[in-house]
Amino acid sequence: MLAALLIAGCDGSQPLVRKKAREPGPFPVADRPIARIVSPRWSNEETRDRLGEAERVMQLADIRKGMTVADLGAGEGYYTIRLAARVGEDGRVLAEDVVPAVHEALAERVAREQLDNVSVRLGLPADPRLPANSFERIFMVHMYHEIAQPYEFLWRMRPSLRRDGLVVVVDADRPTEQHGTPPRLLRCEFEAVGYAQVGFQELRSAGGYLATFRAAGTRPDPADIVACRMK
C-alpha cells in the first residue's frame, strides 16, 4: 500500500498534500498617523439631512435605481439607509463595519426597518472581503483615515469594482490624526495601488470634500507599492 502511494506521488498526478497558497504581501506601512475609531457617528442624522449631505453626495456620485453599492465603515447606517432608498428594490447595498458591536446594531436597524435590499457584513481592518466584480460604487465616508493598513485594504478592495465602477471618498481636509485626510495624500495612496482620481469636489455640507477614483491599469504586486511620504 505504501509503495502504491509513493508511485502515485511520482507519476505526474496531483500531490497527496497540497501546499497552502501564499498570502500576498508584505505591504508597505503607511507613513502617517492612523486615527483611532472613536465613534460610529460622525454627526447626528437630522443635522446632516438639514445640510443636505447625503442627497448631495449621492447626486455627485450618480447613484441610480438598480445599482449595487458598498458602504464601508457604515457605522449606524446613515448612508446605508439612504442608499437603499436611492437604489430601490432592484438595487443592492452591502453595509460593512469592522467593529462587532456596531455591525450588530446596524444589522438590527436594517432588520427593524425591513430593508430587504441591504446586506450587513463584518469586515476586517485590512480586508473589506468584498466579492469580485460586484460594485458600481464603493462609499468610504469619514472613515479612510481610520484604516490602519491602507495599501493592503485598497489592494484587496480593487477587484470588487465593476468595469467603470467608482470609489467615493468623503473626508475632511486636515491631518489624519485629526480625523481627516489631506487630498494630496489621499490621491497619492490611491494611485500607489493602481487607482486614478477622476473627480474632486469641495463639499462643506459633508464636512470637507468628495473625491472619486477608478481602477486604472493592472493591480501592482504588493512588493512594488511605494508608500507615500508625508512632508
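Considering the overall build of the protein chain
Summing up its helical and strand segments, the protein chain has seven helices and seven strands in all. The order of α-helices and β-strands along the protein chain, N terminus first, is α-α-α-β-α-β-α-β-β-α-β-α-β-β. By residue count, 45% of the 231 residues in the protein chain fall in the buried class. Long-range pairs, those at least 24 residues apart, make up 73% of the contacts in the protein chain with a sequence separation of at least 6. Accessible surface, the protein chain: about 12,600 Å² in total, of which carbon and sulfur atoms supply 51%.

Notes on the state of the cysteines
For the structure on display, the rule yields one disulfide. Linked covalently through their sulfurs, Cys188 and Cys228 form a disulfide whose S-S length is 2.1 Å. The sign of the S-S torsion, about -100°, decides the handedness of the disulfide formed by Cys188 and Cys228: left-handed. Of this pair, Cys188 sits in helix α7 (residues 183-192) while Cys228 is found in the segment after β7 (208-215), placing the two residues 40 residues apart along the sequence. Of the residues examined, Cys188 reaches a relative accessible area of 32% and is grouped as partly exposed. Exposure remark for Cys228: the relative accessible area of 5% places this residue in the buried category.

Remarks on the side chain of Glu189
Looking at where Glu189 falls in the secondary structure, it is placed in helix α7. When its relative accessible area of 0% is taken as the criterion, Glu189 is described as buried. The contacts of Glu189, once residues within four sequence positions are left out, are Arg32, Tyr144, Pro150, Tyr151, Leu154 and Cys228.

As for the sheet that holds strand β1 (residues 68-72)
Pairing in this open sheet of seven strands is mixed, and the strands run β3-β2-β1-β4-β5-β7-β6 from one edge to the other. Either end of the sheet is taken by a strand with one partner, and the two such strands are β3 (118-122) and β6 (195-203). For this sheet, the mean inter-axis angle between neighbouring strands, taken without regard to orientation, is 20°. Together, β4 (135-141), β5 (161-171), β6 and β7 form the strand contacts of helix α3 (residues 53-60), whose direction differs from that of β6 by roughly 145°. Here helix α6 (residues 150-157) sits on the sheet and contacts β1, β4, β5 and β6; the angle it forms with β4, its principal contact strand, is near 160°.

A closer look at the environment of Val99
Of note, Val99 is situated in the loop between β2 (92-97) and α5 (100-112). The class for Val99 is partly exposed, based on a relative accessible area of 26%. Once the C-alpha coordinates of Val99 and Leu122 are considered, the two residues, 23 residues apart in sequence, prove to be 7.5 Å apart. Residue contacts for Val99: discarding those within four places in its chain leaves Ile37 and Leu122.

Some thoughts on the nonpolar core
Within the largest apolar cluster, 32 residues are counted, with the highest numbers of intra-cluster contacts made by Leu72, Ile138, Met140, Met157, Val167, Phe190 and Tyr195. Secondary structure elements with two or more residues in this core: β1, β4, α6, β5, α7 and β7. The element best represented in this core is α6, accounting for five residues. Among the nonpolar cores identified, the runner-up in size contains 26 residues, and Tyr79, Ile81, Leu106 and Val110 belong to it.

About the cut-offs
- Residues numbered from 1 in each chain as written.
- Predicted model: local features only at pLDDT ≥ 70, side-chain atom pairs only at ≥ 80, totals over all residues.
- Heavy atoms only, no water.
- Helix = DSSP H or I, 4+ residues; strand = E, 2+ residues; numbered from the N terminus.
- Buried < 20%, exposed > 50% of the residue type's maximum accessible area, 1.4 Å probe, protein only.
- Contact = heavy atoms within 4.5 Å.
- Areas by Shrake-Rupley, 256 points an atom, 1.4 Å probe, with all protein chains shown as cover.
- Disulfide = S-S within 2.5 Å.
- Pairing = 2+ DSSP bridges.
- Axes fitted to C-alpha atoms, helices over the stretch in contact; angles between N-to-C directions.
- Core = buried A, V, L, I, M, F, W, Y, C linked by side-chain atoms within 4.5 Å.

The analysis is restricted to geometry; functional conclusions fall outside its scope.
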